[in-house]
Structures are given as structure tokens and as C-alpha cells.
Amino acid sequence: PLLAKKKIALKSMDVAQKVYWLAAAMLYDPVRHEADLWSYIGSSWVRANHLSGFLGEDLGGVNDQFALSAETIGRLIELLSPHAELDWSSGEGMDTGAMHRGDHVSALITRLGAMATENSAEEIERLLALPTLDKLKSRLENTRNQSRLKQREREFHFLPLADVAQILANRSPADVADLAALVLDHLDDIALEIRQENYDGFGDFWNTENRKPPGRREENRCRDALLRQLKARLHPFGIDCLSEADYFNDKRADIRLSYRNEFELPIELKRDDSRFLWSALRSQLINQYAIAPRASGYGIYCVLWFGEGSIPGAVDGGKMPRTPQELKSRLEAQLDVVEQRQIFIRVLDVSWPKSDKASK
């Protein structure tokens, strides 16, 4: 408003007064004045502390009394946390400014998680990546999980009857969760066929031309072999199957399945001897591909089990997995409760029968 504009222009105001008036203008019109507020605060935790004092205890709730953006909340958390006492209880002695800042930081984290929007999710991830906020890591991770649950509950809606009928008729998928369920069902069928059908499907993943004994094919050729089988099964549903699909930061997923350009499902494929076997689940699938807007957090991590004892050392400190199922369980243990509902692991046994291989 006009009064705030006049006050902000005064040169006689001290730092605290200027922060208060800039904050008042920001609360009145965030679009126009939020940038001005943070331009003045900059990286000064002292000025951020004045803003914290201005907002006061009222921010502790999760109501919409203050129209604060996720970015403003995040920057307050970032600047105040290094100077806040986060773990204390009344009765421990005299209250200090650091204790009050700790209370406010906790309230801000609660407020940020309760927003449950794409912007708040991005801000939580930004805060988690800051080395200066290591002491907040467990709180922020818990807030991230709770925020994802809130966002999923808010976005949930019952399907129209026509879509329900289509699903019951085993026709095209209605959303990315339905697409994931459909693909997993077909991957499980492919896994059975590889081991049990007469055509010896495991041979598609081995170099048998002039090789005695046969050696495993390179990862891209293995991907193409699996992709051919998926295409044959999924094209009748109107699902596009692409290899080397572009994702965040110019990264490429091994396989992307999409339906009418409405939603998509990334698949990251690894041979069991890949040096990225244990890390790619998170560093590639979760952090780069499943975050795509049309993927909505869903993805499949598919490992080809050749069974030759060349699996790299496990990051969990355990011994080398002896079976495909054990490898699957160990990889699933890397997922938190929320991720287990959207990220799926499949380990396809493509090992060459020992008796057959020896005779080649």
C-alpha cells in the first residue's frame, strides 16, 4: 500500500523497521514486493531474524493467514537454522533467542510440508541438498514424505465410470499408476517366458555368434531385446515404447513408456555387473527420470541377472546376492515407505543354463 511505500523510502528507519515495512508490503502483495524484501535481506541472518520476529508465533499453524511462498519459507529456514537451538524443551533454563528461532524454524518446516505443492517439494529438496542444514536432514526427509502423502491424497480422484469399465476390460491404462501395474504384469510374464518357454528366451541377452562359451551382450543390445518384447505386448493398448528418451538435465532413460502423451513411465535397465547397479536406482531413476511431471514419481528399475558372480560390492555392506530374488529384496530395501508405492524393482533371470553353456 501507499503508506508502506512511503515508510520504506525513509532513510531514517533502522534495519528492523525497514524489514518490518517490507514484510508488511510483501504480505499485502507478495507478487510485487517479495523480491524487494529478499533483495534487502540478502544472505543476512540478522535481517532474516527480524523478519522471523515480525511474523511471530502466528506462523506456527498450517492455516493460510499469511500468503508466504515456499521460497520465502525456505530461505528463512536456510538463514535461521545455523543460529537456532532446535532441540530443547521448556524447563531447561532461561529461554534464549536461539531457542525461539528454533521454535520458528520448526514451525516453518511444518508450514512448508503442509503446502504439499510442486514448489514446496522443490524447496524441500533444495534445503536437503545444503550442507549447512545437515542437522535438519531427518526433519526435512520426514516432512518430504508427509508432504508427498498429502499431495497424493489431495490429487486423488475416483475414475469416471467409462474409465473403470475400460480397466476392467483389460484395455488402455487410465493413469500412470495403472500403466505401471500393466507393465509390471507384462514384465513378470516375460520373466516366466524367458525361463520356461521352448524358444529359450534367455538367449536374446547373450552373444551366441561364434562365441564358445557365449558371453553376455552389451547393455544397449539387452535393452533393445527387452524393448522388442514390450512393444509387441503394449502397442495394442496404444502405449508408445521408446529407447534413450530425454529427461531432466539432458539425461536419457533406457526406456520410456507413454500413453497419448498424457502420462509416462521410465524404466532404467542395468546388467547385474554394472558398476552403477546399486546407485542408479536413486541417482538415475528416482532423481532424474521419475521426477518428470508426467511420470508423477513412478518408475521401474529392471536388472538383468546373468548369474556369473560378477556383481559389484553392495553399498549396504552385505554379501553378494546369490539369487535374483535376493538382489530384488536388497534393492527394494533402499526405498522409503512412500517410494515403495511408486518405484518398482524387477530382476529378470536371463542366466544361461550351466549344462547348456558348457556344451557350447
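Owing to the predicted nature of the structure, the values given are computational and were not obtained by experimental measurement. Residue indices begin from 1 for each chain and proceed along its sequence in written order. The predicted nature of this model means local features are confined to residues of pLDDT at least 70 and side-chain atom pairs, given and counted, to a pLDDT of 80 or more, with totals for whole chains, interfaces and linings taken over all residues. Where side-chain values are given, they derive from all heavy atoms of the structure, hydrogens and water being excluded.

## Some words on the confidence of the model for the protein chain
In this model, the protein chain carries a mean pLDDT of 83, and residues with pLDDT of at least 70 account for 85%. For the stretch residues 58-63, pLDDT sits under 50, and the model shows 14 contacts to residues farther than four places along the chain or on other chains. pLDDT expresses, on a scale from 0 to 100, how confident the predictor is about each individual residue. A contact between two residues is defined here by any heavy atoms of the two lying within 4.5 Å.

## Notes on the environment of E78
Comment: elements are numbered from the N terminus, with helices defined as DSSP H or I runs of at least four residues and strands as E runs of at least two. Locating E78 in the fold gives a position in helix α5 (residues 70-80). Three labels apply to residues, based on accessible area from a 1.4 Å probe with only protein chains included: buried if under 20% of the type maximum, exposed if over 50%, partly exposed otherwise in between. E78 gets classed as partly exposed once you look at its relative accessible area, which sits at 25%.

## Quick word on the layout of surface pockets
Computed from the structure, the second largest pocket encloses a volume of approximately 200 Å³. For cavity detection a 1 Å grid was placed over the protein atoms alone, and a set of points counts as a cavity when a 1.4 Å probe fits there but cannot get out; an open set counts as a pocket when protein lies on both sides within 12 Å along at least five of seven lines, with lining residues being those that have an atom within 4 Å of a point. Surrounding the second largest pocket, 16 residues form its lining, F306, G307, E308, S351 and K354 being those nearest its centre. For the lining of the second largest pocket, the per-class residue count stands at eight nonpolar, three polar and five charged. Grid points are joined across faces, edges and corners, and a volume is the space filled by probe spheres set on the points. For this scheme, ten residues count as nonpolar: Ala, Val, Leu, Ile, Met, Phe, Trp, Tyr, Cys and Pro. Four count as charged, namely Asp, Glu, Lys and Arg, and the remainder, Gly too, count as polar.

## So, the packing of helix α2 (residues 15-28) against helix α3 (residues 30-41)
Fitted lines through C-alpha atoms give the axes, limited to the stretch in contact for helices. The angle between two N-to-C directions lies from 0 to 180 degrees. One way to put it is that α2 packs onto α3 with a least axis distance of 7 Å and a crossing angle of 155°. Overall, the two elements α2 and α3 adopt an arrangement that is roughly antiparallel. In this structure, the crossing between α2 and α3 has a hand that is left-handed. Note on element contacts: α3 touches α2 through P30, H33, E34, D36, L37 and Y40, opposite V15, K18, V19, L22, A23, A25, M26, L27 and Y28. Here the contact of α2 with α3 is composed, by residue class, of 11 nonpolar, one polar and three charged. Any angle that is under 35 degrees is reported as roughly parallel, and any over 145 degrees as roughly antiparallel; angles of 65 to 115 degrees are reported as roughly perpendicular and all others as oblique. In this scheme the handedness of a crossing depends on how the near helix is turned from the far one: anticlockwise by less than a right angle means left-handed, clockwise means right-handed.

## Section: the nonpolar core
To form a nonpolar core, buried Ala, Val, Leu, Ile, Met, Phe, Trp, Tyr and Cys residues must be joined to one another through side-chain atoms within 4.5 Å. Of all hydrophobic cores here, the largest spans 36 residues; its most connected members are V183, F205 and L257. When residues of this core are traced back to their parent elements, those giving at least two are α10 (176-196), α11 (219-234), β3 (239-247), β4 (251-259), β5 (263-271) and β6 (299-305). Counting residues per element, this core draws most heavily on α10, at nine residues. Each residue touching F205, except ones within four places of it in the same chain, is listed here: I194, R216, R217, C222, A225, L226, L304, F306 and V350.

## Regarding the pairing of strand β7 (residues 343-349)
Of all seven residues in β7, five are buried, a share of seventy percent or more. As paired elements, β6 and β7 share seven bridges and run parallel to each other. Each bridged residue has a counterpart across the sheet, and for L304 the counterpart in β7 is L348. Strands were regarded as paired on the criterion that DSSP finds at least two bridges between them.

## Concerning the side chain of S52
With respect to the secondary-structure elements, S52 resides in helix α4 (residues 45-55). When near neighbours in sequence (up to four residues on either side) are disregarded, S52 contacts L76, L80 and H104.

## Some thoughts on the environment of R195
By secondary structure assignment, the location of R195 is in helix α10. Separated by 155 residues in the primary sequence, R195 and V350 have C-alpha atoms spaced 7.5 Å apart. Think of a polar contact as two N or O atoms within 3.5 Å of one another; within protein, one of them needs to be a possible hydrogen donor and the other a possible acceptor, and neighboring residues in sequence only count if both atoms come from side chains. At a separation of 3.2 Å, a polar atom in the side chain of R195 contacts the main-chain carbonyl oxygen of D349.

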